[in-house]
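What the coordinates show
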Amino acid sequence: MNCDHFHLSLDGLLRDRLDDFQREEMLEHLQACEECATVYALCRREGSLSAPFLVESVLGQTTGSICSSVEERLGDWLDGRLEKDRGRELSSHVENCERCAELVQAMRRCDDLLPSFAEMEPDANFTADVLMATLESASLWHVAWRRLRDVFEKVFHRPAFPMEASFATTVVLVILTATPLAPWPQLPAQALAVVQSLGEQAADIDPAGASWNTVVESRAAEAVGQTSSAANLILRGRWERLRPRLDRVGGDLRRLGDIAVHLDFDAWLPAAQALGEDVRALWQSPATAPDPDGDAVSTEENPA
Amino acid sequence: MNEELQDLVLRCQSGDELAWETLVRRHQARVLAVAYHYVRSTEEARDVAQEVFIRIYRSLPTFQAAESFLPWMIRITRSCSIDHIRRRKARPPAQDIAADEVFDLSDDGAMPDQLAEHASDRRLLGRALAGLTELHREILLLKEIQGLPLLEVARMLNIPVGTAKSRSNRARAELAREFLALQGEEGSR
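Please read these numbers as outputs of a predicted model, since none were measured by experiment.

If you tally the helices and strands in chain A, you get 13 helices and zero strands. From first element to last, N terminus to C terminus, chain A shows the α and β order α-α-α-α-α-α-α-α-α-α-α-α-α. Taken across its 304 residues, chain A has 32% of its residues classed as buried. Considering only residue pairs separated by 6 or more positions, chain A has 57% of its internal contacts joining residues 24 or more positions apart. Accessible area of chain A: about 18,700 Å², with a carbon and sulfur share of 58%.

Now for the packing of aromatic side chains. Tallied over the full model, the rule gives six aromatic pairs over all chains. Plain terms: the ring middles of Phe63(B) and Phe69(B) are 5.9 Å apart, the flat faces sit at 90 degrees to each other, and that makes the pair edge-to-face. Here Phe69(B) falls in the buried class, since its relative accessible area comes to 1%. Measuring from centroid to centroid gives 5.7 Å for Phe69(B) and Trp72(B), while their planes differ by 50 degrees, and the two rings are tilted. Taken together, the residues span about one helical turn, with Phe69(B) and Trp72(B) both in helix H4 (residues 69–87) at a distance of three residues. On the basis of relative accessibility, which here comes to 10%, the residue Trp72(B) falls in the buried class. Following the ring pairs from residue to residue traces out a cluster consisting of Phe126(A), Trp20(B), Phe53(B) and Tyr57(B). In this arrangement the basic side chain of Arg122(B) is found over the ring face of Phe117(A), its NZ or CZ atom lying 4.7 Å from the centre.

Turning to the confidence of the model for chain B, a few remarks are in order. Residue and element names in this part refer to chain B. With 86% of its residues at a pLDDT of at least 70, chain B reaches an overall mean of 84. Confidence drops under pLDDT 50 across residues 93–110; counting only partners more than four residues distant or on other chains, this segment forms 34 contacts. Prediction confidence for the complex, expressed as pTM and ipTM, is 0.54 and 0.82 respectively.

Residue and element names in this part refer to chain B. In contact at an axis separation of 10 Å, helix H7 (residues 134–145) and helix H8 (residues 150–157) are set at 140 degrees when each is read in the N-to-C sense. Between H7 and H8, the angle is such that the two are oblique. Here H7 and H8 pass one another in a crossing that is right-handed. Facing Leu135, Glu138, Ile139, Leu142 and Lys143 of H7, the residues of H8 in contact are Leu150, Val153, Met156 and Leu157. The residue makeup of the contact of H7 with H8, split by class, is seven nonpolar, no polar and two charged.

A few words now on the packing of H4(B) against H8(B). All names here are of chain B. Remark: H4 packs on H8, axes separated minimally by 11 Å, with the N-to-C direction vectors making an angle of 30 degrees. One finds that H4 runs roughly parallel with respect to H8. The interaxial crossing formed by H4 with H8 has right-handed handedness. Side by side, H4 and H8 meet where Pro71, Ile74, Arg75 and Arg78 of the first sit next to Glu152, Arg155, Met156 and Leu157 of the second. Per-class residue counts for the contact of H4 with H8 are four nonpolar, no polar and four charged.

Right, let's talk about a nonpolar patch on the surface for a bit. Together, Trp145(A), Leu148(A), Phe152(A) and Phe156(A) line one region of the surface with nonpolar side chains, adding up to about 420 Å² of accessible area. The class for Trp145(A) is partly exposed, based on a relative accessible area of 47%.

Moving on to the nonpolar core. Counting 74 residues, the largest nonpolar core has Leu74(A), Trp20(B), Ile56(B), Phe69(B) and Leu175(B) as its most contacted members. Once residues lying within four places of it in the same chain are set aside, the contact partners of Ile56(B) are Trp20(B), Phe69(B), Trp72(B), Met73(B) and Ile76(B). If you look at the next biggest cluster of nonpolar residues, it comprises twelve residues, including Leu18(A), Met26(A), Leu30(A) and Cys36(A).

Cut-offs applied
Residues numbered from 1 in each chain as written. Chains lettered and ligands numbered in written order. Predicted model: local features only at pLDDT ≥ 70, side-chain atom pairs only at ≥ 80, totals over all residues. Heavy atoms only, no water. Helix = DSSP H or I, 4+ residues; strand = E, 2+ residues; numbered from the N terminus. Buried < 20%, exposed > 50% of the residue type's maximum accessible area, 1.4 Å probe, protein only. Contact = heavy atoms within 4.5 Å. Areas by Shrake-Rupley, 256 points an atom, 1.4 Å probe, with all protein chains shown as cover. Phe/Tyr/Trp six-rings, centres within 6.5 Å; stacked < 30°, edge-to-face > 60°. Lys NZ or Arg CZ within 6 Å of the ring centre and 35° of its normal. pLDDT = per-residue confidence, 0-100. Axes fitted to C-alpha atoms, helices over the stretch in contact; angles between N-to-C directions. Parallel < 35°, antiparallel > 145°, perpendicular 65-115°, else oblique. Left-handed = near helix turned anticlockwise from the far one by under 90°. Nonpolar A, V, L, I, M, F, W, Y, C, P; charged D, E, K, R; others polar. Patch = residues over 30% accessible without salt bridge, like charges linked within 9 Å, V, L, I, M, F, W, Y side chains within 5 Å. Salt bridge = Lys/Arg side-chain N within 4 Å of Asp/Glu carboxyl O. Core = buried A, V, L, I, M, F, W, Y, C linked by side-chain atoms within 4.5 Å.

This is the structure in structure tokens:
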């Protein structure tokens, strides 16, 4: 045992908390080391062993604080790399030293957190850039595809992605099927009809007859045919109805141009109003709007 | 080196591009973190990490399977980072503490208490690390953060094992003291 170890266990000796082996070692050291014997005698003379900082005050008058030498061994102690009796000595010190106890607690917290600094997430393009810089055979599209895949992976893994995707899909469907100028206004009704028809057909299926797959395939083919021919006819009918309205708007613009050239301000207001009316009519021309010439056009016609 | 990694390295050595991509994906976060600890700038760490992989790719044919891949990779990362720091010496140094933004250490008031405490401690620890001396930071990075054995750390830093051990103990105590001081500052606000 050396003096450092003696000082670490001195408190235990004074309070009679050491086991026989340690006590034996301490007493042997006391006989061999005059300086430590003086420290021990000082401690004994102080008498009041219940004073919490007795050892510190005595060490302060003799060897000075030993905390700095303890600190250097705390790492090994926490990792369990100290010999058993040295570990006990250090434990004894830590139990009685508030400063070292606080430091040990902080070291434990740091040990828990440090491994979380081992990795740092790279940006989405990093892998593709490395591959482009290293692989000789990496063609441009190959790298571009990898980069695109990385970007999509990042997007797909975002928690808000399902909500955003369903919102965007809804907006697109509404624009395509439920706005005044929608190209496929009858799509929802037809889709519903197909689904209803499939349901009815399913109810009538004879188990020994046509298989469910056959029914679905035939119905799907019909639906596709109906939808595409319906879309063509609707677009054609829509254009036929829109053309006179566009002609009117064109006429209004031409009239306004004439008025501007001839500085005929009296005629300007009614012409501007007429233009406004015609533009509004053009915008509001829904599928069921009457023809500008007065002939009602039913777009509920079933082209199929 | 575990068998899976060994197999991956062998496949890379035989020119398997898919294996190379897997190797890059698996280790890029670690290389980036090590590079960041040296250069202290996200952008520069990215450049260094890219350079590291290029160097690894070119050195793979001569890499001996008996050697551990991870220490070899970290050694290359360290070497590239130091080269990079030497090259940029003429330029002004990067900002001192960017750890908050890089490691996503910002406070999040909406988190549960435990997570918020973890994030707060992690942020303080990032600052405490930045406040250490270069050698202590490096020892902690290699031994405590990247988990390299003491022998490897000593070899990398070119110091005796005993010195590496005592320095490591001192670095841990210094980090804890710095951490406590920052906690005290934070608490007194």
